[in-house]
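# Geometric and topological summary
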Amino acid sequence: MEAFMNSPVMEMLTDPVLYIGLGYGLLLTLQIAGLSIALSFVFGTIIGSMRYTGLPVISHVATIYIEVIRNLPTLLLILVSYFVLGLPAMWAATIGLTIYTSAIIAEVIRGGLNSVPTGQWEAARSQGFSFLQSMRYIVLPPAVVKMIPPIVSQFVTVIKDSSFAMAIGAYELMFKGTILAAKYWRPAQIITIYLVISLVYFVINFAISTVARRLQTKMSVGRGGIGD
Amino acid sequence: MSEIIASIGFLQRGPFSIPRWEAVFSNMDVLWQGALVTLLVASLGLVMALALGTVIGVMSASQWKLPRALARAYVEFYQNTPLLIQVFMLFNAIPLVFPGLFIPVIVIGIFGVGMYHGAYIAEVVRAGIQSIGRGQLEAALSQGFTYVTAMRYIIIPQAMRIVLPPLTNQAVNLIKNTSVIAIIAGGDLMYAGDSFAGRYGHYGPTYVIVGLGYFLMCFPLAVLTRRLEERTRAA
């Protein structure tokens, strides 16, 4: 036991510098991910609605955006934001993630709206509902039920992909951990640091994905098949 | 004509100027080589992900507790931690377990995306198996099918229809995710583009061509995914 407590790994794990460093990294990770999620939600809703309208130019622009961006690596979008747009690292990561995630959320929004049969629209309009009223009371309730679980699980992807920001030198959790790991030379110490970082990501993401799963089962049960 | 071009500033200077495009086009062989590495990592990674995903998916659909628990632990760990950390851990863990063994970065990339997307494919396979009612297997067996022929003619054809669209979608994500090996100097398309662009500052045109490369690899699969989805919905 004593030998274990004095081992290089324990010596490193009891050093407060490790946790202070990782703490700052986590703050930046949460900042990048939180901002990206909020921005992507706004832009994703706009782009998804644009595609849903089916209007000539508007929906084509949205379709091209979604199809191009979905087929590019997130890392490339982050590098473009940094080197071509010339943004500071933190913002380059946020904007790169936002460009990508908006396309994904746009597809979720459109898929949700499309899942409501046009007959329901027509029925609502024929009963004297206005466009906004049909949207608010007939189309959106079942559509939102379909949208929420995939949007929540997209949060997990954004948090994981924010680690790509280390490629442009943003001091988020992954990069902070790598810098801290560089102070140690024993492979066991380096792996322990990566295990600690993995644990941090895991706790956050597991909590979110558990919520997403709960929402999925709760909503599909509570709605009695309307969303199917 | 050349006078007109010379009078337009952004064609001569700036991130997308003509000289930069020319420089990139005369060094295309570097990018081609990177694209080949990306294709190699993606195809071998996909084979590994399919193999792992099938085994773990069958485990998590099994009736026994232990394989189910092991499969859950694998899936939850790999789905909830960044691929980048997993690649870094492989990078550092291999020398710890096998001291002195040299592993090329490409192999680490193949294992990285293979294990990561194996977790996603496992979930797809599990959902596919669970979507076919137990009664179907029982009915087939009672009609004189053996387990293997029942699987071959009754269960797998139905499961495939459900499993194929999300599988092709995973293939798209896998190709895109091979780009993380650029961060550990993997020699793939992203790395080739990034190191070439960084040397002379030709970021604009290089990233456009790198993006086009990934798009050409992914878009056909994305179209296939949609076709398969439509077919599944129609059936």
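Rules of the game
- Residues numbered from 1 in each chain as written.
- Chains lettered and ligands numbered in written order.
- Predicted model: local features only at pLDDT ≥ 70, side-chain atom pairs only at ≥ 80, totals over all residues.
- Helix = DSSP H or I, 4+ residues; strand = E, 2+ residues; numbered from the N terminus.
- Rg over C-alpha atoms; globule rule 2.2 N^0.38 Å.
- Buried ≥ 20, exposed ≤ 12 C-beta atoms within 10 Å, placed from the backbone.
- Contact = placed C-beta atoms within 7 Å.
- Nonpolar A, V, L, I, M, F, W, Y, C, P; charged D, E, K, R; others polar.
- pLDDT = per-residue confidence, 0-100.
- Core = buried A, V, L, I, M, F, W, Y, C linked by C-beta atoms within 7 Å.
- Axes fitted to C-alpha atoms, helices over the stretch in contact; angles between N-to-C directions.
- Parallel < 35°, antiparallel > 145°, perpendicular 65-115°, else oblique.
- Left-handed = near helix turned anticlockwise from the far one by under 90°.

## What to know about the overall build of chain B
Scanning chain B from terminus to terminus reveals 11 helices and zero strands. When its helices and strands are written in sequence order, chain B yields α-α-α-α-α-α-α-α-α-α-α. Against the globule reference of 18 Å for 235 residues, chain B gives a C-alpha radius of gyration of 23 Å, more extended than a compact globule. With the C-alpha coordinates aligned to their principal axes, the bounding extent of chain B is approximately 85 × 50 × 25 Å.

## Observations regarding the overall build of chain A
For chain A, the helix and strand inventory stands at 10 helices and zero strands. Written out in order from the N terminus, the α and β elements of chain A read α-α-α-α-α-α-α-α-α-α. Here chain A has a C-alpha radius of gyration of 22 Å; the compact-globule value for 228 residues is 17 Å, and the former is much larger. Counting every position in chain A, which comprises 228 residues, the buried fraction comes to 41%.

## A word on the interface of chain A and chain B
Every contact between the two is made by 30 residues of chain A and, on the other side, 34 residues of chain B. Elements with a contribution of two residues or more to the side of chain A that touches chain B: α4 (56-70), α5 (74-84), α8 (131-161) and α10 (187-222) of chain A. No other element matches the 12 residues that α10 of chain A contributes to the side of chain A that touches chain B. Tallied by class, residues from the side of chain A that touches chain B come to 23 nonpolar, five polar and two charged.

## Quick notes on the confidence of the model for chain A
Here chain A averages 89 in pLDDT, and 93% of its residues register 70 or above. Note that pLDDT drops below 50 for residues 222-228 of chain A; the model gives that stretch nine contacts with residues more than four away or on any other chain.

## A few points about unusual backbone geometry
Residue and element names in this part refer to chain B. Within the chain, A185 stands out as a residue other than glycine whose phi angle is a positive 55°. With respect to the element layout, A185 can be found in the loop between α9 (147-177) and α10 (189-200). Owing to 11 C-beta atoms within 10 Å, A185 belongs among the exposed residues under this scheme.

## So, the environment of I37 of chain A
Residue and element names in this part refer to chain A. Residue position: I37 is located in helix α3 (residues 16-53). Look at I37 and you get buried, because 20 C-beta atoms sit within 10 Å. In sequence terms I37 and M219 are 182 residues apart; their C-alpha atoms lie 22 Å from each other. Ignoring sequence-local partners within four residues, the contact set of I37 consists of F155 and V158.

## Observations regarding the nonpolar core
Nonpolar side chains in soluble globular proteins tend to end up buried together. Residues and elements named next belong to chain A. Membership of the largest hydrophobic core comes to 115 residues, with the highest contact counts inside it found for L76, I78, L79, A165 and I168. Per-element accounting of this core gives the leading share, 14 residues, to helix α6 (residues 89-114). The residues contacting A165, other than those within four sequence positions of it, are I32, I78, A89, A93, A170 and E172.

## Remarks on the packing of α9 of chain B against helix α11 (residues 203-234) of chain B
Describing two packed helices takes the angle between their axes plus the distance from one axis to the other. Residue and element names in this part refer to chain B. Following both chains from N to C, one finds α9 and α11 inclined at 165°, their axes separated by 9 Å at the closest point. In terms of orientation, α9 lies roughly antiparallel with respect to α11. Considering how the two elements wind past one another, α9 and α11 form a crossing that is left-handed. Residue-level inspection shows R161, I162, L164, P165, T168, N169, A171, V172, I175 and K176 of α9 in contact with α11, the latter providing Y214, M217, C218, L221, A222, L224, T225, L228, E229 and T232. Classifying every residue of the contact of α9 with α11 gives 13 nonpolar, four polar and three charged.

## Focus: the environment of R70 of chain A
With respect to the helices and strands, R70 of chain A occurs in helix α4. Considering only alpha carbons, one finds R70 of chain A and G169 of chain A, 99 residues apart in sequence, at a separation of 24 Å. Once you skip the residues sitting within four places of it in the chain, R70 of chain A turns out to touch A103 and I104 of chain A together with A222 of chain B.

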